[in-house]
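What the coordinates show
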Amino acid sequence: MRKTTIEEIIAAAGGSLIQRAPGPEAQAITGVKHDSREVEEGDMFVAVVGENQDGHRYIPQVAARGCRTVLVSHREGWMEELAGMGMSINAILVEDTVAAAGRLAKWYLESLNIPRVAVTGSVGKTSTRDMIYYVLSEKYSCGRNLKNYNNNIGLPLSIFRFDSSTQTAVLEMGMDAFGEIEYLSDIVQPRIGVITNIGVAHMEKLGSREGIFRAKMEITKNIAGSRDGGTLIYAGDNEFLTRERTAGDYCQLEVGSGPEADFKISDVDDFGIEGIEFNVEYQGESAKARLPVPGVHNATNAGLALAVGKCLGVSLQEGIAGLAKAELTGSRLKKIQGKSITIIDDTYNANPDSMKSAIDVLARSRAARRIAILGDMFELGENTAAQHREVGEHAALMNIDEVICIGALAGEIAAGASGIHFPDKESFIKVIDEYIAPGDLVLVKASRGMKMEEIVSELEEK
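Given the structure is predicted, the values throughout are model-derived calculations rather than measurements.

So, on to the packing of helix H4 (residues 97-112) against helix H7 (residues 180-188). Following both chains from N to C, one finds H4 and H7 inclined at 40°, their axes separated by 7 Å at the closest point. If you check the angle between H4 and H7, you find them oblique. Seen from H4, the contacting residues are Val98, Ala99, Gly102, Ala105, Lys106 and Leu109; seen from H7, they are Tyr183, Asp186, Ile187 and Val188. Among the residues forming the contact of H4 with H7, the class breakdown is seven nonpolar, one polar and two charged.

As structure tokens, this is what we get:
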């Protein structure tokens, strides 16, 4: 973060200074944190009031470590404790610290005066964000979300990590309710918006795929106001993401395999866990791309990244060179070598589409035996049982030697795949040696709440 003065923070966040730290060195910040364990000297600590925790209780702790600026929504408790310690800090009072951090992030990002790209979608948004990052990094110093920080707290914190050396930024936006993407895109004010797909994630709260489409399209509400004109880039699906349904006061670029696509993806070669190759064509220019990321579906995500690059002056060949270096954030189809087996760690999250895609990657990979360990998928709404069974039926059609299902909902996967079912991780781990043998290739995937990385840890020792 570039140095930002206390006065700039007060004005941008819409707060009032209720206490000032002494000394000129305390009159500016160089970072923003909300986790008290990560706060360093020069940072501003954002005291977030959550369901189970009140960040204000940690203000004395961060002050003792050298933090001299805090964003607060009340005075109770911490002010008396600080006074007892004989300390004064910059305390900026606002009504809601999360909303105030969002206002500050919007102002800060605008002050950097760089092109911004916003990414959303039901599946693949983090992977696509990472691919865009690698494409743009061939020409620019590019910023992106920290880890998977893509909500109303995490996205502003990611923005505060950018500085005067940042030349462009790609920011992923997550959601599970109406209005959230609009709020985040208002902070970012993107020149380019990207929608990866319209799936069934968060069906429970949004009611239908039509509802999910409307929620994702909120990203466009701030594209039209972009200073240099805006562009929406989307993966065409012939149902929701079509030129007609996504039209607005901005340019459109469709990525896909159909004749109507602007960026045409074809001739995808799948090498399983080793990655893919595909052909991409745009305005008469054609090239072969190699992506060291598994999954046929990632050819479209890579096409989205190349389209973003072209909009920002990155040539097709430069973008392809960037894709060849791509590494995905977190546990997304991550290849791990155990002592005698190979693991595909895809434990970050899951929904029916991503589950089927991961199964496809496993089926197309070379191995003595292919084992799928699949767990519950959450937030699927009233069709939860049917969607779990469909995943199992899909697995049954693929080149999979064993399907092991873990969790209450995953019983339906087992039923569809004629697989083995365990009610919980613990019961499977007790007998894991009965099902895993040297030379096996093992996929592990479920929704984040299942914490299936515990199984990955066990497998790493095999």
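All right, on to the environment of Arg20 then. Along the chain, Arg20 falls in the loop between strand E2 (16-19) and strand E3 (28-29). Each residue touching Arg20, except ones within four places of it in the same chain, is listed here: Ile6, Glu7, Gln27, Ser88, Ile89 and Asn90. A polar atom in the side chain of Arg20 sits 2.8 Å from the side chain of Glu7. Side chain to side chain, Arg20 and Gln27 meet in a polar contact 2.5 Å long.

Here we have nine strands laid out as an open sheet, ordered E9-E10-E8-E11-E12-E13-E14-E15-E16, and mixed in their pairing. This sheet does not close on itself; its edge strands, each paired only once, are strand E9 (142-144) and strand E16 (285-291). Geometrically, the sheet is characterised by an average inter-axis angle of 20° between neighbouring strands, direction not taken into account. In this sheet, strand E10 (residues 168-172) lies alongside E9 in parallel orientation, the contact comprising three bridges. Bridged to Arg144 within E10 is Val170.

This part is about the side chain of Ser122. Within the secondary structure, Ser122 sits in the loop between strand E8 (116-120) and helix H5 (125-136). Taking relative accessible area as the criterion, Ser122 reaches 8% and is therefore assigned buried. Within the structure, Ser122 has its side chain in polar contact with the backbone nitrogen of Gly199 (distance 2.8 Å).

The subject of this paragraph is the pairing of strand E19 (residues 369-375). Of all seven residues making up E19, six are buried, and the element is well covered by its neighbours. Sheet topology places E19 next to strand E22 (residues 440-445); six bridges connect them, and they run parallel. When the sheet's bridge partners are listed, Ala372 is paired in E22 with Leu443. Pairing analysis gives five bridges linking E19 to strand E20 (residues 402-406), with the strands arranged parallel. Residue pairing across strands places Ile373 opposite Ile404, the latter belonging to E20.

Between H5 and helix H11 (residues 316-323), whose axes approach to 7 Å, the crossing angle comes to 125°. By the angle class used here, H5 and H11 are oblique. Seen from above, H5 lies across H11 with right-handed handedness. Between H5 and H11, the contacting residues are Met131, Tyr134 and Val135 on the first element and Gly319, Gly322 and Leu323 on the second. The residue inventory of the contact of H5 with H11, partitioned by class, reads four nonpolar, two polar and no charged.

Over its 12 residues, helix H12 (residues 352-363) runs 16 Å from end to end, which matches the ideal 16 Å to within 8%, given 1.5 Å per residue. Among the 12 residues in H12, 10 count as buried, and that is most of the element. Burial in H12 covers these residues: Pro352, Ser354, Met355, Ser357, Ala358, Ile359, Asp360, Val361, Leu362 and Ala363. On the buried face of H12, the contacting elements are strand E18 (342-346), E19, helix H13 (384-397), helix H14 (411-417) and E22. For H12, the N-terminal cap is Asn351; the gap from its side-chain oxygen to the backbone nitrogen of Asp353 is 3.1 Å.

This part is about the pairing of E10. Moving residue by residue along a regular strand, the side chains alternate between the two faces of the sheet. Burial runs high along E10: five of the five residues are buried. By the alternation rule, side chains of E10 split into Thr168, Val170 and Glu172 and Ala169 and Leu171, which are all buried. Bridging between E8 and E10 involves four bridges; their strand directions are parallel. Its bridge partner being in E10, Val117 is matched across the sheet by Val170.

Each value, and the rule that gives it
Residue positions are counted from 1 within each chain, in the order its sequence is given. Reporting in this predicted model follows two pLDDT cut-offs: at least 70 for local features of residues, and 80 or more for side-chain atom pairs to be given and counted; totals over whole chains, interfaces and linings ignore these cut-offs and use all residues. Hydrogens and water molecules were not included; the side-chain quantities draw on all heavy atoms of the structure. Each axis is a line fitted through C-alpha atoms, and for a helix only the stretch in contact is used; angles between axes span 0 to 180 degrees, taken between their N-to-C directions. Helix and strand definitions here come from DSSP, where helices need a minimum of 4 consecutive H or I residues and strands a minimum of 2 consecutive E residues; each element is numbered from the N-terminal end. Between 65 and 115 degrees an angle is taken as roughly perpendicular, under 35 as roughly parallel, over 145 as roughly antiparallel, and anywhere else as oblique. In what follows, a contact means two residues having at least one pair of non-hydrogen atoms within 4.5 Å. Residues were grouped as follows: Ala, Val, Leu, Ile, Met, Phe, Trp, Tyr, Cys and Pro as nonpolar; Asp, Glu, Lys and Arg as charged; and all remaining residues, including Gly, as polar. N or O atoms within 3.5 Å of each other form a polar contact, as long as, within protein, one can give a hydrogen and the other can take it, and as long as residues adjacent in sequence are counted only when both atoms are side-chain atoms. DSSP calls a pair of strands paired once it identifies at least 2 bridges connecting them. To sort residues, take the accessible area from a 1.4 Å probe on protein chains only and compare it with the maximum for the residue type: under 20% means buried, over 50% means exposed, and anything in between is partly exposed. Two helices that cross are described as forming a left-handed crossing if the nearer one is turned anticlockwise from the farther one by less than a right angle, and a right-handed crossing if clockwise. Helices are assigned an expected span. That span is 1.5 Å times one less than the residue count.

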